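Here are the chains, one letter per residue:
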Amino acid sequence: MQGSEMQRKPRLLCLHGFRTSGEILKKMIMKWPHTILEKLDLEFLHAQFPAKGKSGVEGLYDPPYYEWYQFDEKSLEYSNFENCLSYIENYMIKHGPFDGALGFSQGAMLAAALPGMQKKKNHDDDNVNLADVLENADNRVLL
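Notes on the structure in this doc start here. (Residues numbered from 1 in each chain as written. Predicted model: local features only at pLDDT ≥ 70, side-chain atom pairs only at ≥ 80, totals over all residues. Heavy atoms only, no water.)

1. Details of the overall build of the protein chain
So, step 1. Scanning the protein chain from N- to C-terminus turns up 5 helices and 7 strands.
So, step 2. Along the chain direction, N to C, the helices and strands of the protein chain fall in the order β-α-α-β-β-β-β-β-α-β-α-α.
So, step 3. Across the 143 residues of the protein chain, 41% fall into the buried class.
So, step 4. Nonlocal contacts in the protein chain, meaning residues at least 24 apart in sequence, comprise 68% of its contacts between residues at least 6 apart.
So, step 5. Taken as a whole, the protein chain presents about 8,800 Å² of accessible surface, with 52% of it coming from carbon and sulfur. (Helix = DSSP H or I, 4+ residues; strand = E, 2+ residues; numbered from the N terminus. Buried < 20%, exposed > 50% of the residue type's maximum accessible area, 1.4 Å probe, protein only. Contact = heavy atoms within 4.5 Å. Areas by Shrake-Rupley, 256 points an atom, 1.4 Å probe, with all protein chains shown as cover.)

Here it is as structure tokens:
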């Protein structure tokens with residue numbers, strides 16, 4: 001790096017847990033040490049579906065609460081999963097590029113699944129392709 005050039009902070013899309021929100025995840029992560037937070041550019045996204053049931057964080061954090069997709073414990077079926085992935089991809093295209101994703105609970109599952117699913121789709125859009133970022137990681141990307 002030359003004299004006045006500043007290294008760009010890794011930009012991470014942050015995905016919250018089941019029946020919480022991007023704002024709640026932000027409040028939790030902002031408790032991390034400042035020495036870590038100052039090295040990251042974090043963007044927090046709310047899921048597109050309002051929570052369809054009681055949140056485990058009621059009384060600790062204020063609503064609204066959201067969920068990325070739904071799961072039926074009786075039938076063991078997921079619903080709106082593809083819609084959820086499209087929602088996140090569209091957000092990444094519109095607001096990217098992102099260097100990686102950070103997730104908690106339901107959001108962590110999505111953060112882990114997105115690169116493989118995107119690689120399978122062969123996106124040409126630089127705002128979306130987390131799979132290539134991971135393949136060429138230079139220890140500056142957290143996922």
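2. Observations regarding helix H1 (residues 22-29)
So, step 1. Of all the residues in H1, the buried ones are Gly22, Ile24, Leu25 and Ile29. Buried residues of H1 fall within an arc of 160° about the axis and therefore sit on the same side.
So, step 2. Packing partners of the buried residues in H1 comprise strand E1 (11-15), helix H2 (34-37), strand E2 (41-45) and strand E7 (100-103). (Arc of directions from axis to C-beta.)

3. Looking at the environment of alanine 111
So, step 1. On the secondary structure map, alanine 111 appears in helix H4 (residues 106-121).
So, step 2. Of the residues examined, alanine 111 reaches a relative accessible area of 5% and is grouped as buried.

4. Structural notes on the pattern of salt bridges
So, step 1. For the structure on display, the rule yields 5 salt bridges.
So, step 2. Here arginine 8 ties to aspartate 99 by a salt bridge, and the two come within 2.9 Å at their closest N and O atoms. Within this pair, whereas arginine 8 is found in the segment before E1, its partner aspartate 99 is found in the loop between helix H3 (81-95) and E7, the two being separated by 91 residues in sequence.
So, step 3. The closest approach of N and O atoms between lysine 54 and glutamate 58, which form a salt bridge, is 3.2 Å.
So, step 4. A cluster of three or more residues bridged by salt bridges with shared partners is formed by Arg11, Asp41 and Glu43. (Salt bridge = Lys/Arg side-chain N within 4 Å of Asp/Glu carboxyl O.)

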